[in-house]
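Coordinates in review
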Amino acid sequence: MTTPLGIIGGSGLTQLANLAVTRREVVRTPYGEPSGALTFGELQGREVIFLARHGYGHTIAPHEVNYRATIWAMKDAGVERIVSVASVGGIGAGLGPGVIVIPHQILDYTWGRRSTYFEGPERPVTHIDFTHPYTESLRRSLLDAARVAGETVVADGVYATTQGPRLESAAEVDRLERDGATMVGMTGMPEAALARELDLAYAALAVVVNHAAGRGDSREGIRLEDIATILESAIARARHILEGLVVHDGHS
Ligand code: HPA
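Residues numbered from 1 in each chain as written. Predicted model: local features only at pLDDT ≥ 70, side-chain atom pairs only at ≥ 80, totals over all residues. Heavy atoms only, no water.

**Observations regarding the overall build of the chain**
Check the secondary structure of the chain and you find five helices and 10 strands. Radius of gyration (C-alpha) of the chain: 17 Å, near the 18 Å computed for a compact globule of 252 residues. Overall size of the chain, expressed as C-alpha extent along the three principal axes, is 50 × 45 × 35 Å. For the chain, the share of sequence-separated contacts (at least 6 apart) that also reach a separation of at least 24 residues comes to 80%. Accessible area of the chain: about 11400 Å², with a carbon and sulfur share of 51%. Between the mean site of the 23 positive side-chain charges and the mean site of the 30 negative ones, the chain shows a separation of 0 Å. (Helix = DSSP H or I, 4+ residues; strand = E, 2+ residues; numbered from the N terminus. Rg over C-alpha atoms; globule rule 2.2 N^0.38 Å. Contact = heavy atoms within 4.5 Å. Areas by Shrake-Rupley, 256 points an atom, 1.4 Å probe, with all protein chains shown as cover. Lys, Arg positive; Asp, Glu negative; His and termini not counted. Charge placed at Lys NZ, Arg CZ, Asp CG, Glu CD.)

Rendered as structure tokens:
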């Protein structure tokens, strides 16, 4: 019997089509409330717990998400593995709109976010190992699921997390590239680190929805109207991969 897969949906994924919803549960945690009720359901006959990172009406900005409550609520509900779906801007060659990447590394440029459970007088100072921020076995399962689903994905990448909510300047993207980033988004951290602090497996499906600022067709600016169209079709492919993942997991 496998534990339910946790899925945190980002922009464009506030609901999982094909998820047979069994119940929704509003949860509280010692860290406050997550972005919305947890949605319990079945995907391809396997138990899944879904949460929309920005709220079901997409009202919570990346820097305002209560990441600690989100990850805590997932763990409390019995989840041992989380797949995050996140939209990103592409920096690296070949990472144009519509491409899906399974990142293997992360950079953190965020500030002022509550980013650890290990603080306060009652908690011992704890330094988690974060050499490999994404859980390799879950990354491999996602890659297998993509292959079986017939969806082409880029097998690795470095996700730079910026504070937002504004997009970056062209010079900032140049700096991210010099730092080794191949994509940029606003929610990768502290989510990945918090999952590690709670001993949860964590991996991401990053959907490239635009060229990062100053690149490709974003040389003169980023057009949000274009993003919406790309998101819709790419998210459908991300869902397909997630369906493959739960089926694959059920047999492992
Ligand atoms: N920058 C930061 N976050 C993003 C982007 C971007 O270009 N596209 C989607 N999320």
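Having seen the model, we can carry on.
**Some points on the nonpolar core**
In this structure, L38, I71, M74, I82 and Y159 are the most contacted members of the largest nonpolar core, which totals 34 residues. Breaking this core down by element, the ones donating at least two residues are β3 (38–43), β4 (46–52), α1 (67–76), β5 (81–90), α4 (188–197) and β10 (201–211). I82 has contacts with G6, I8, I71, M74, L138, L200, A201, Y202 and A203, leaving out every residue within four places of it along the chain. Counting residues in each nonpolar core, the second largest holds 33 residues, with L19, F50, L142 and L242 among its members. (Core = buried A, V, L, I, M, F, W, Y, C linked by side-chain atoms within 4.5 Å. Buried < 20%, exposed > 50% of the residue type's maximum accessible area, 1.4 Å probe, protein only.)

**As for the site of the ligand**
The full set of residues close to the ligand is S87, V88, G89, L167, E168, V184, G185, M186, V209 and N210. G89 is positioned with one of its backbone polar atoms (N or O) 3.3 Å from a nitrogen atom of the ligand. Within the contact set of the ligand, a nitrogen atom lies 2.7 Å away from a side-chain nitrogen or oxygen of E168. Of the pockets mapped on this structure, the ligand occupies the largest pocket. Going through the elements one at a time, β5, β9 (183–185) and β10 are the ones with two or more residues in the shell around the ligand. Among the elements that take part in the shell around the ligand, β5 stands out by supplying three residues, more than any other. Looking at side-chain class alone, the shell around the ligand contains five nonpolar, four polar and one charged residues. (Near = heavy atom within 4 Å. Polar contact = N/O pair within 3.5 Å; in protein donor to acceptor, adjacent residues only side chain to side chain. 1 Å grid on protein atoms, 1.4 Å probe; cavity = no way out; pocket = protein on both sides within 12 Å on 5 of 7 lines; lining within 4 Å. Sits in = over half its atoms within 2 Å of the grid points. Nonpolar A, V, L, I, M, F, W, Y, C, P; charged D, E, K, R; others polar.)

**As for α1**
The α-helix winds at 3.6 residues per turn, so residues separated by three or four positions along the chain end up facing the same way. Extensive coverage of α1 is indicated by the burial of seven of its 10 residues. Inspection of α1 places Y67, R68, A69, T70, I71, A73 and M74 among the buried residues, and these make up the whole buried set. Buried residues along α1 sit against β1 (5–9), β3, β4, β5 and α4. Directly after α1, the chain includes G78, whose backbone phi takes a positive value near 100 degrees.

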